[in-house]
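Inside the fold
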Amino acid sequence: MDAVRIGGESRRVRMMLSATEISSRVQGMAQEIEAKLSDLDDLLVLVVLDGALVFAADLIRAMRRNVQVETVKLKSYVGTQSSGSVAVAQPVPHVVTGRHVLIVEDIVDSGQSMEKLTSLLREMGVASVHVAALLDKPKAHPGRSYADFVGFTIGPNFVIGYGLDADGLYRNFSDILEVLP
Ligand code: IMP
Ligand code: MG
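Below: a short report on this structure. (Residues numbered from 1 in each chain as written. Chains lettered and ligands numbered in written order. Predicted model: local features only at pLDDT ≥ 70, side-chain atom pairs only at ≥ 80, totals over all residues. Heavy atoms only, no water.)

Focus on the nonpolar core
Membership of the largest hydrophobic core comes to 31 residues, with the highest contact counts inside it found for Leu59, Leu102, Leu134, Leu135 and Ile176. Looking at which element gives the most residues to this core, the answer is helix α1 (residues 19-36), with five residues. If we ignore the near neighbours within four places in the chain, the residues touching leucine 59 are Val26, Met29, Ala30, Ile33 and Val104. By size, the runner-up hydrophobic cluster in this structure holds 21 residues, among which are Val48, Ile103, Met114 and Ala147. (Core = buried A, V, L, I, M, F, W, Y, C linked by side-chain atoms within 4.5 Å. Buried < 20%, exposed > 50% of the residue type's maximum accessible area, 1.4 Å probe, protein only. Helix = DSSP H or I, 4+ residues; strand = E, 2+ residues; numbered from the N terminus. Contact = heavy atoms within 4.5 Å.)

This is the structure in structure tokens:
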């Protein structure tokens, strides 16, 4: 595929990460997480909908330990632009209180979503919070890191596939494609 429709326009795309590359990195991330968080019993995985749906499904099945899985829904993007504000569209479940939480996120861009969610979790009295993000765009949040575990560090272009959408579409692609500017 070399073009997709976004916001009524045809946009050129280029393969960035194949399903095979993603799969092997997700297995590696599961091992890193299990090694680093081995002391924390009773881990609660908090999946950030909708984008992390596909990543989380693979990541939790690559983990050997027992985890509880809960979801929260955040919304910030309109088209390929961040709206600049993060809305909590489905609240954080109260069971997080007192628990060791691993947030599973598709991508860290400006960092606002992770900033908002981690502060909400701290207000709710979690025992600890870690973030696993499949993708990180470090240039969009200079001088700060928001994820303890990162799958791939990428450049600034918008990406789709493997759960990541443009206006609700393309989440079902098994590869990650870069939308060319
Ligand atoms: P942030 O709050 O700016 O870090 O943005 C985080 C959210 O925006 C992510 O959880 C994604 O759902 C969405 N997002 C950011 N960049 C992209 C992208 O390149 N493609 C698809 N969604 C993105
Ligand atoms: Mg997201």
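Notes on the pattern of salt bridges
Evaluated as defined, the whole model comprises eight salt bridges. Measuring nitrogen to oxygen at the nearest pair gives 3.7 Å for the salt bridge that ties arginine 171 to aspartate 50. Here aspartate 50 lies in the loop between β3 (43-49) and α2 (53-62) and arginine 171 lies in the loop between β9 (159-160) and β10 (176-179), a separation of 121 residues in the sequence. Classification of arginine 171 by relative accessible area gives partly exposed; the value is 21%. A salt bridge links aspartate 58 to arginine 61; the shortest N-O distance between them is 2.9 Å. Here aspartate 58 and its partner arginine 61 are both found in helix α2, three residues apart, which amounts to about one turn of the helix. Taking relative accessible area as the criterion, arginine 61 reaches 59% and is therefore assigned exposed. Three or more residues are tied together by salt bridges with common partners; here these are Asp50, Lys73, Asp165 and Arg171. (Salt bridge = Lys/Arg side-chain N within 4 Å of Asp/Glu carboxyl O.)

Considerations on the packing of α1 against α2
At their nearest, the axes of α1 and α2 sit 8 Å apart, and the two run at 55 degrees to each other. In terms of their interaxial angle, α1 and α2 are classed as oblique. Crossing geometry of α1 relative to α2 is assigned as right-handed. Of the residues in α2, those touching α1 at Val26, Gln27, Met29, Ala30, Ile33 and Glu34 are Phe55, Asp58, Leu59 and Ala62. Each residue belonging to the contact of α1 with α2 can be placed in one class, and the counts come to seven nonpolar, one polar and two charged. (Axes fitted to C-alpha atoms, helices over the stretch in contact; angles between N-to-C directions. Parallel < 35°, antiparallel > 145°, perpendicular 65-115°, else oblique. Left-handed = near helix turned anticlockwise from the far one by under 90°. Nonpolar A, V, L, I, M, F, W, Y, C, P; charged D, E, K, R; others polar.)

Observations concerning the site of ligand 1
The local shell around ligand 1 holds 16 residues, among which Glu105, Ser110, Gly111, Ser113 and Val159 are the closest. Separating an oxygen atom of ligand 1 from a backbone N or O atom of glycine 111 is a distance of 2.8 Å. A distance of 2.7 Å separates a nitrogen atom of ligand 1 from a polar atom in the backbone of valine 159. Taken by itself ligand 1 offers 490 Å² of open surface, and the protein chains cover 93% of this. For the shell around ligand 1, the secondary structure elements donating two or more residues are β4 (67-78), β6 (100-108) and α3 (112-123). In terms of residues, the shell around ligand 1 owes the most to one element, β6, which gives four residues. Grouping the constituent residues of the shell around ligand 1 by class yields six nonpolar, five polar and five charged. (Near = heavy atom within 4 Å. Polar contact = N/O pair within 3.5 Å; in protein donor to acceptor, adjacent residues only side chain to side chain. Areas by Shrake-Rupley, 256 points an atom, 1.4 Å probe, with all protein chains shown as cover.)

Things to note about the pairing of strand β7 (residues 128-136)
Extensive coverage of β7 is indicated by the burial of nine of its nine residues. Once you follow β6 into α3 and on to β7, the crossover reads as right-handed. In the sheet, β7 pairs with strand β8 (residues 149-153) via four bridges, with the strands oriented parallel. In the strand pairing of β8, alanine 133 is matched with valine 150. (Right-handed = clockwise from strand over helix to strand, strands pointing away. Pairing = 2+ DSSP bridges.)

Here we look at the side chain of aspartate 136
Inspection of the secondary structure assignment puts aspartate 136 in strand β7. With no salt bridge to any partner, buried aspartate 136 finds its closest opposite charge in lysine 137, at an N-O distance of 9.5 Å. A polar atom in the side chain of aspartate 136 sits 2.7 Å from the side chain of histidine 141. In this structure, aspartate 136 is in contact with Val108, His141, Val150, Phe152, Thr153 and Ile154, ignoring residues within four places of it in sequence. (Lys, Arg positive; Asp, Glu negative; His and termini not counted.)

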